[in-house]
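# Structural characterization, general
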Amino acid sequence: MSTIVVSHGYEADSDSVWFPYLRKMLEAQGHRVRIPNLPDNTAPRLAPWRTALRDCVADTDPRDTVLVGHSIGGVNVLGLLQQHDVNTAGAFAGAVLVATPAHVPAGYEALADFFAEPFDWPRLRRAAERYRLLTAADDPVLLPDPIHHVKALVTGLEATAVLTATGAHYGARPDDHIDLPEAVRLVLDCLSANP
């Protein structure tokens, strides 16, 4: 049984957007799914969010764990992975980044703290066996151009990306509940590729 740990985004919680669907689908296949409610979700700060995520994965085996991040939650996942000691604990099985920005999106300067430390791409590539991205070309958050964010993450992480024509931010508001089978498929893809 594998563990999937989800880092939600700005103004979201464990019951937001596609998280209930992801939990239902993966638990039905015998996986453990953890979705911690990160502190101060309407005014996220890097240190408390990273600490809460680190506490949530502390008792997992990274080699059998997939990290999932939505929006700024994906940047939180990358921050955790950048600090992960691969030599001691081994690499995570994978990371799935959904609608994740590569830099501060226009209009979201309040989240700049999450990007204060530059991404250490070589260290990140070692911290997870594989990276999968899911982004919509019509995402209204990843401004000025969602494709620019995808290209930067694909290049830096050597990731595989799925780009959909529509989908917006995969949940326009945190209380939108949608099915997102593509996210489930990408998590399972990370697990099936696990040696």
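Above this note sits the structure.
So, here's what we can say about the structure. (Residues numbered from 1 in each chain as written. Predicted model: local features only at pLDDT ≥ 70, side-chain atom pairs only at ≥ 80, totals over all residues. Heavy atoms only, no water.)

## Some details on unusual backbone geometry
Condition: Counting from the N terminus, the helices are the DSSP runs of H or I reaching at least four residues and the strands are the DSSP runs of E reaching at least two. Only protein chains enter the accessibility calculation, which uses a 1.4 Å probe; a residue is then buried when its area is under 20% of its type maximum, exposed when over 50%, and partly exposed in between.
With an omega dihedral of 10 degrees, the bond running from Leu143 to Pro144 counts as a cis peptide bond. By secondary structure assignment, the location of Pro144 is in the loop between strand 5 (131–136) and helix 6 (146–157). We note that Val17 has phi near 35 degrees; this positive angle belongs to a residue other than glycine. Locating Val17 in the fold gives a position in the loop between strand 1 (3–7) and helix 1 (19–27). On the basis of relative accessible area, Val17 is assigned to the buried category, the value being 3%. Backbone geometry at Ala99 places phi at a positive 50 degrees, although glycine is not the residue there.

## Examining the sheet that holds strand 6 (residues 160–164)
The condition that has to hold: Strands are treated as partners if at least two bridges between them are detected by DSSP. All axes are obtained by fitting lines to C-alpha atoms, using only the stretch in contact for helices, and the reported angles, taken between N-to-C directions, cover 0 to 180 degrees. Contact definition: two residues touch when any of their heavy atoms are within 4.5 Å.
Read from one edge to the other, the open sheet built from 6 strands follows the order 2-1-3-4-5-6, with strand pairing classed as parallel. Looking along the sheet, the strands with just one partner apiece sit at the ends: strand 2 (32–34) and strand 6. Each adjacent strand pair in this sheet contributes to an overall mean axis angle of 15 degrees, direction not counted. Relative to strand 6, strand 5 runs parallel, the two sharing 5 bridges. Paired with Ala136 across the two strands is Thr164, which belongs to strand 6. Sitting on the sheet, helix 7 (residues 181–192) is in contact with strand 1, strand 3 (65–70), strand 4 (94–98), strand 5 and strand 6, with an inclination near 170 degrees to strand 5.

## Regarding the environment of Pro174
Considering the arrangement of structural elements, one finds Pro174 in the loop between strand 6 and helix 7. Using a relative accessible area of 24% as the deciding quantity, one classes Pro174 as partly exposed. Sequence separation of Pro174 and Thr155 is 19 residues, and the distance between their C-alpha atoms is 29 Å. Dropping the residues within four chain positions of it, Pro174 is found in contact with Tyr10, Glu11, Ala12, Ser16 and Val17.

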